[in-house]
Amino acid sequence: MSLEYYLILSALLFTIGVIGVLIRRNAIIIFMCIELMLNAANLAFVAISRSLGQVEGQLFVFFVMAVAAAEVAIGLAIIVSVFKHRETINVDEVNSLKG
Amino acid sequence: MNPEMILFFIFGAVSLIGAIAVISFRHPIYSALSLIVTFFAQAGLFVILGAHFVAAVQVIVYAGAIMVLFLFVIMLLNLGTLSEKGALTGKLKGVAIILGILLAAQGIYIAVNALNNTEVGSEAAQEKAAALTNNPIETYDIGELLFSKYLLPFEVTSLILLAALIGVIVLVKRENQTEN
Amino acid sequence: MDIDIVEVIVIPVIKILFIAHLLIIGVMAMIWSERRVSGWMQDRLGPNRVGPQGLLQPIADGIKFLFKEDLIPNHVDKPLYVLAPAMLLVPAMIIVAVVPFGSSMTIAGYEIPLQIADLNIGILYILAITSLGVYGVVIGAWASNNKYSLLGGLRSSAQMISYELTLGLAIIGVLMLSESLKLREIAEGQGANPWEWNFLIHFPAFLAFTTAVFAETNRLPFDLAEAEQELVAGYHTEYSSMKFAIFFMAEYMSMIVGSAVVVTLFLGGWHFFGLENIGGEGSVLAGLISFAIFFVKTGIFLFVFIWVRWTLPRFRYDQLMNFGWKFLLPVALSSIVVTGTLYIITKGNRLWIGVGNVVAAFIVVAIVAGMLAMDNNSKSAAQNTPAAAPLRGLDAVE
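Please read these numbers as outputs of a predicted model, since none were measured by experiment. (Residues numbered from 1 in each chain as written. Chains lettered and ligands numbered in written order. Predicted model: local features only at pLDDT ≥ 70, side-chain atom pairs only at ≥ 80, totals over all residues. Heavy atoms only, no water.)

1. Notes on the pairing of strand 1 (residues 104-107) of chain C
Residue and element names in this part refer to chain C.
Thought 1: Of the strand pairs in this sheet, strand 1 and strand 2 (residues 110-113) are connected by four bridges, and their pairing is antiparallel. The residue of strand 2 that forms the bridge with Met-105 is Ile-112.
Thought 2: If you look at the hairpin formed by strand 1 and strand 2, you'll find two residues sitting between the two strands, and Ala-108 has a positive phi there, around 50°. (Pairing = 2+ DSSP bridges. Helix = DSSP H or I, 4+ residues; strand = E, 2+ residues; numbered from the N terminus.)

2. Focus on helix 3 (residues 56-86) of chain A
Thought 1: A rise of 1.5 Å per residue sets the reference length of helix 3 of chain A, with its 31 residues, at 45 Å; its end C-alpha atoms lie 44 Å apart and thus fit the reference within 8%.
Thought 2: Among the residues trailing helix 3 of chain A, Glu-87 of chain A stands out with phi positive, at a value near 60°. (Expected span 1.5 Å × (residues − 1).)

3. Regarding the interface of chain B and chain A
Thought 1: At the junction of the two partners, chain B supplies 82 residues and chain A supplies 73 residues.
Thought 2: Between chain B and chain A the total buried area reaches about 7200 Å² when both faces are included, carbon and sulfur atoms providing 77% of it.
Thought 3: For the interface between chain B and chain A, the tally reads six residue pairs in polar contact (both at pLDDT 80 or more).
Thought 4: For the side of chain B that touches chain A, the leading source of residues is helix 1 (residues 3-24) of chain B, giving twelve residues.
Thought 5: Looking at the side of chain B that touches chain A residue by residue, the class counts come to 58 nonpolar, 14 polar and ten charged. (Contact = heavy atoms within 4.5 Å. Buried area = accessible area lost by both parts, 1.4 Å probe. Polar contact = N/O pair within 3.5 Å; in protein donor to acceptor, adjacent residues only side chain to side chain. Nonpolar A, V, L, I, M, F, W, Y, C, P; charged D, E, K, R; others polar.)

4. Thoughts on the nonpolar core
Thought 1: Ile-28 of chain A, Met-67 and Phe-70 of chain B together with Phe-209 and Leu-265 of chain C are the most contacted members of the largest nonpolar core, which has 171 residues in total.
Thought 2: Among the elements that make up this core, the one with the highest residue count is helix 3 (residues 52-76) of chain B (18 residues).
Thought 3: Two domains each provide a minimum of three residues to this core, namely domain 1 (1-84) and domain 3 (138-180) of chain B.
Thought 4: Excluding residues within four positions of it along the chain, Ile-28 of chain A makes contact with Leu-76, Ile-79 and Ile-89 of chain A together with Phe-70, Val-73, Ile-74 and Leu-79 of chain B.
Thought 5: Residues Leu-177, Val-338, Ile-353 and Ala-360 of chain C belong to the second largest nonpolar core, which totals six residues. (Core = buried A, V, L, I, M, F, W, Y, C linked by side-chain atoms within 4.5 Å. Buried < 20%, exposed > 50% of the residue type's maximum accessible area, 1.4 Å probe, protein only. Domains from an automatic or database assignment.)

5. Some details on the interface of chain C and chain B
Thought 1: Taken together, the contact pairs 30 residues of chain C with 26 residues of chain B.
Thought 2: Summed over both partners, the interface of chain C with chain B comes to about 2500 Å²; 74% of that surface belongs to carbon and sulfur atoms.
Thought 3: Remark: the boundary between chain C and chain B carries zero salt bridges.
Thought 4: Within the residue set of the side of chain C that touches chain B, elements represented by two or more residues are helix 3 (78-94), helix 4 (122-130), helix 5 (133-143), helix 6 (147-170) and helix 16 (388-392) of chain C. (Salt bridge = Lys/Arg side-chain N within 4 Å of Asp/Glu carboxyl O.)

6. Brief notes about the packing of helix 1 (residues 3-23) of chain A against helix 2 (residues 27-52) of chain A
Angle between the axes and distance between the axes: these two values describe a pair of packed helices.
Residues and elements named next belong to chain A.
Thought 1: For the pair helix 1 and helix 2, interaxial distance at closest approach is 8 Å and the crossing angle is 165°. Here helix 2 runs roughly antiparallel to helix 1, going by the angle between their axes. Judged by the twist between their axes, the crossing of helix 1 over helix 2 is left-handed. Touching Leu-3, Tyr-6, Leu-7, Leu-9, Ser-10, Leu-13, Phe-14, Ile-16, Gly-17, Val-18, Gly-20 and Val-21 of helix 1 are Ile-30, Cys-33, Ile-34, Leu-36, Met-37, Ala-40, Ala-41, Leu-43, Ala-44, Ala-47, Ile-48 and Ser-51, all from helix 2.
Thought 2: The class makeup of the residues in the contact of helix 1 with helix 2 is 20 nonpolar, four polar and no charged. (Axes fitted to C-alpha atoms, helices over the stretch in contact; angles between N-to-C directions. Parallel < 35°, antiparallel > 145°, perpendicular 65-115°, else oblique. Left-handed = near helix turned anticlockwise from the far one by under 90°.)

7. Thoughts on the packing of aromatic side chains
Residue and element names in this part refer to chain C.
Thought 1: This model, assessed by the stated rule, comprises 33 aromatic pairs over all chains.
Thought 2: Ring centres of Tyr-239 and Phe-247 lie 4.7 Å apart, and the angle between their planes is 80°; on these two criteria the pair is classed as edge-to-face. With respect to class, Tyr-239 is no different from Phe-247; both count as buried.
Thought 3: The rings of Trp-197, Phe-199, Phe-203, Phe-206, Phe-209 and Phe-266 are connected pair by pair, giving a single aromatic cluster.
Thought 4: It is Lys-297 that lies over the ring of Trp-197; its NZ or CZ is 3.8 Å from the centre. (Phe/Tyr/Trp six-rings, centres within 6.5 Å; stacked < 30°, edge-to-face > 60°. Lys NZ or Arg CZ within 6 Å of the ring centre and 35° of its normal.)

8. Overview of a nonpolar patch on the surface
Residue and element names in this part refer to chain C.
Thought 1: Together, Ile-25, Met-28, Leu-55, Leu-56, Ile-59, Ile-63, Leu-66, Phe-67 and Met-242 make up a nonpolar patch on the protein surface, roughly 860 Å² of accessible area in all.
Thought 2: Mapped by element, the contributors of at least two residues to the nonpolar patch are helix 1 (5-41) and helix 2 (57-67).
Thought 3: Element by element, the count of residues in the nonpolar patch is highest for helix 2, at four residues. (Patch = residues over 30% accessible without salt bridge, like charges linked within 9 Å, V, L, I, M, F, W, Y side chains within 5 Å. Areas by Shrake-Rupley, 256 points an atom, 1.4 Å probe, with all protein chains shown as cover.)

9. Concerning the environment of Ala-117 of chain C
Residues and elements named next belong to chain C.
Thought 1: Topologically, Ala-117 is positioned in the loop between strand 2 and helix 4.
Thought 2: For the pair Ala-117 and Trp-310, spaced 193 residues apart in the sequence, the C-alpha separation amounts to 36 Å.
Thought 3: Dropping the residues within four chain positions of it, Ala-117 is found in contact with Ala-97 and Val-98.

Shown next as C-alpha cells:
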C-alpha cells in the first residue's frame, strides 16, 4: 500500500474543508470545516510516519489534537457569547466591532 | 487487491462522503453527524496504518469530546437552519469550487510526483516501511519519545490547554457580570 | 500464507455469537431480577404470574413491545429519530469485544482465550466506545423535538462529558502498576487472592470509577437525563414500541458491560483463591470454572447496581456537577500522583501504594470540602452557586 493514496485522500479532505469555509456562512459549520482540515493534516502525518518508520509523525498528531481541543473550547465559547449578543452566528452579520 | 487496499478504499470513500456531507447539509446537526462519520473513517484509516493508539485517541478526543461539545452548543442555542446571508452565490460559488479543485490538484500533484525526489519516496524508506508493517509502532514507543525528546513541546501543550481553560472561563464570566 | 480457517473464522464467530446472545439473555435476566429484587427490597412480590417465579415476564414484555404500534410522531426529525436507538445500542454491545470473560481452554489442539479480541489498546478502546454512548441520548433527545427531551439530552451530554474524565483518570493508577493496556494482562496481573486485587490497592480510584460507571449508564442516582418527576421520561419521551425497548435494552446492556469492566479492572477478573486453576491451566474445566467465577462476580456487581438504585435518591443537577468536578476528579487525580510517586519511592510495594492512595484521597476530599465551606460562608448571601453558569445558558433556549 503506497503512501500516495493516503496523501491524495488527505489533499482531497483538506480541499473539501477549504471549500466549506469559502461557501458557508454559518460559524459553526465553518468551524467544523477547520477541524476537517486539521484532520486531513493528521492523516498525512500518520501516513508519512509509517512510510519513514518514525514515531514522530504520530506524536505531532497528538499536538495537533491538543491544539484542536483548545481551539474548539475557545471558539465555541465565543460563538455562544456572540449568539447571545446578536441572535445570529452568520459570520457576515457579525462584521462590526461594536458590542 | 489485498485486504488493506479494500479497507482503504472503503474508509477513504466513507470519509470523503462524510466530508462532502458536512459542507452540503443545511442543518448544523446533520453536518456535525457527518463530521463524526468522517472522524470514524479516519480512525479506521489510522488502524490500517498501524497507528492503533492514535486511532483510539482520535475517537476519544474528536468523536467523544469535541463533537459532543459541538452538538451541545448547537442544541443549547437551538440553532435551526440559519440564514446563509452573504454567502457566495452563483458565479462566485463556482469560482470558489474551481479554486478548491485547483488546490486539490496541487495536493495530488505533490503527493504523486514530488515525493519521488525526497527521502520519503526513496528506496531505503520503502524498505523501512516494509519492515515496519511487520513490526508496528507500539504505544510504548510513543510514550517513551513523548516523555524524553519531546518533553518540552508536551509541556507547552499543557500550557495551551490551561490557557484555553482560563480563556473559556473568562469569556463566560464576563457574560454573567453584565447580566447581573 | 497459510490461514487456518478454524482458528481465524470459526472460533471467533462462535465466541461472538455466544457473547452476543449471553448479553441479550443477560438483559432479560436483569429486567426480571431488577423487578424481583426491588419487590423484595420494598417488601412486595414483584412480577410472579408469567412462568415459575415470573421468570418468563421479560419475554412477555418483549412480545408486548413488539405488538405495540410503532408510532413516529409528526413533529420529529425522522431520520435521526429512527437512528438514535441504534446509536445507543451498538456502542453498548461492541464494548464487550475486549473484555476477557475467563482464562483460556484448549479444545482439539486449539488454545482458545476466552475473549473476543485482545487489543493492544484494550482499555483505550473501552474509553473510546463509552464516549460514543452519549450520541444516542443526545440525538434521540434532539430529534424528538420536544422541550423535555431536549433538556434531558442537554443534561445527559454535560453529565457524560464530566464523568468520562473521571472514568479515564481513575484507571491510570491501575495501568501504571500492570504496565499494560491489554485487559487480559491487567486481569492476569492481579493475583488469585482478593487482597491482591486492584480494588484494595487503588481503593479511591475504584470508588471513583464505579461512581463514574453509574453516571455513564444513566442509573440512579445519576438518571438526571430521564428524571420522571421533572422531565416526563427525558430523552425517550417520544419513543414507543420496539424503539423504546431498544433504549431500555441498551441501558441494561451497558450496565452489564460496565460491571464486567469493573470486575476485570478492579475485582481480579476470573481469579478466586486459585479455584480457576482446577484441572490444570488451559484445560476445558479450568476455562469453564474461570468463566463461572467471572459470571458470578459480574452478577454480584449487577446486584449492587440494583441495590444502589433503591437506596440513594437522585442528585440535583448542580450537586451532580459539583460532585463530579470537585470531588471525584481530584480524587482520581490524586490517585495518579500518589501511585506514581510511591511506585518509585517504595519500588512498587503494593501495601504502601494502597495506604497512600486512601490517605491522599482523604486529604484531597478534606481540602475540597474545606474550601467549599469557606466559599459558602463568604457569599452565602449571594446564593450564587458555580453551577448557575451552565444553567443560565438555557435562557437562550426559552
